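# Observations on the three-dimensional arrangement
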Amino acid sequence: MSDLFNPGYYTEDDLRRAGFRAVGNNVRVAKNCVIVGIENISLGNNVRIDGYSTLVAADGGHIRIGSHVHIGGYGFLSGAAGITLEDFSGLSQGVRLYSKTDDYSGASLTNPTVPEEFTNCKSGPVHLGRHVIIGSGSVVLPDVTIGEGTAVGALSLVTKSLESWGLYTGTPAKRLKNRARGLLVAETLLLEKLACAKK
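What this report covers is the structure whose coordinates are included nearby. (Residues numbered from 1 in each chain as written. Predicted model: local features only at pLDDT ≥ 70, side-chain atom pairs only at ≥ 80, totals over all residues. Heavy atoms only, no water.)

## Notes on the sheet that holds strand β23 (residues 174-178)
Pairing in this open sheet of nine strands is mixed, and the strands run β1-β3-β6-β9-β12-β17-β20-β22-β23 from one edge to the other. What marks the edges here is a single partner per strand, and that holds for β1 (9-10) and β23. With three bridges connecting them, strand β6 (residues 47-49) and strand β9 (residues 69-71) associate as parallel partners. Bridging from a neighbouring strand, I49 pairs with I71 of β9. (Pairing = 2+ DSSP bridges. Helix = DSSP H or I, 4+ residues; strand = E, 2+ residues; numbered from the N terminus.)

Given below as structure tokens:
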């Protein structure tokens, strides 16, 4: 089988040499990702970041990724004010997380080429709790916490914090119903299996 169109993944050994703040075990980052502010990015165990994703944690920002986290291809994480993805959270393809955005009202100038004194950016950390999943093409804006176990449907816009264990969708995202918690049983079984494998 040809690897002609497969750029492959860096291993955790490659990533540790690159200068990440922390890198766990069984970590894979696609070789065609763009990463800025590498020294401000932490990766837990069992993490995979797929191709064409961009992670930006420069200018005092940070991105902290827990264990058993997947970031689908073409993701964008803007960590200027901080982004945290807790264990077992995940982003489907094309998800955008913004911890800082411009003011679109017209009251100030926009874009990063303009000095900060002439802009009115909104900023605040983005925090995804354990077992949060964000569907393809969704956007999460600054100063948002998504509670444990919450699922956000594809093409949703998250403008404010979401409560735990809900299923949300829409623009802006609204709660449709509660999310099942059966995955907590699966988590326990997986962690027991991993603990036995280490013995």
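## As for the side chain of H131
Mapped onto the fold, H131 is located in the loop between β16 (126-128) and β17 (133-134). Among residues more than four places away in sequence, those in contact with H131 are D87, F88, S89, G149, T150, R179, L183, L184 and E187. (Contact = heavy atoms within 4.5 Å.)

## Details of the sheet that holds strand β19 (residues 144-146)
If you walk across this open sheet you meet the six strands as β2-β5-β8-β11-β16-β19, and the pairing is parallel. One side of each edge strand has no neighbouring strand; the edge strands of this open sheet are β2 (22-23) and β19.

## Thoughts on the packing of aromatic side chains
For any pair of aromatic rings, the description consists of the separation of the ring centres together with the inter-plane angle of the planes. In the structure shown here, the tally under the stated rule is two aromatic pairs. With a centroid separation of 5.0 Å and 15° between ring planes, the pair formed by Y52 and Y74 is classed as stacked. In this pair, Y52 is assigned in the loop between β6 and β7 (54-56) and Y74 in the loop between β9 and β10 (76-78), connecting sequence segments 22 residues apart. For Y52, a relative accessible area of 47% translates into the label partly exposed. With a centroid separation of 5.6 Å and an interplanar angle of 45°, the aromatic rings of F76 and Y98 are classed as tilted. (Phe/Tyr/Trp six-rings, centres within 6.5 Å; stacked < 30°, edge-to-face > 60°. Buried < 20%, exposed > 50% of the residue type's maximum accessible area, 1.4 Å probe, protein only.)

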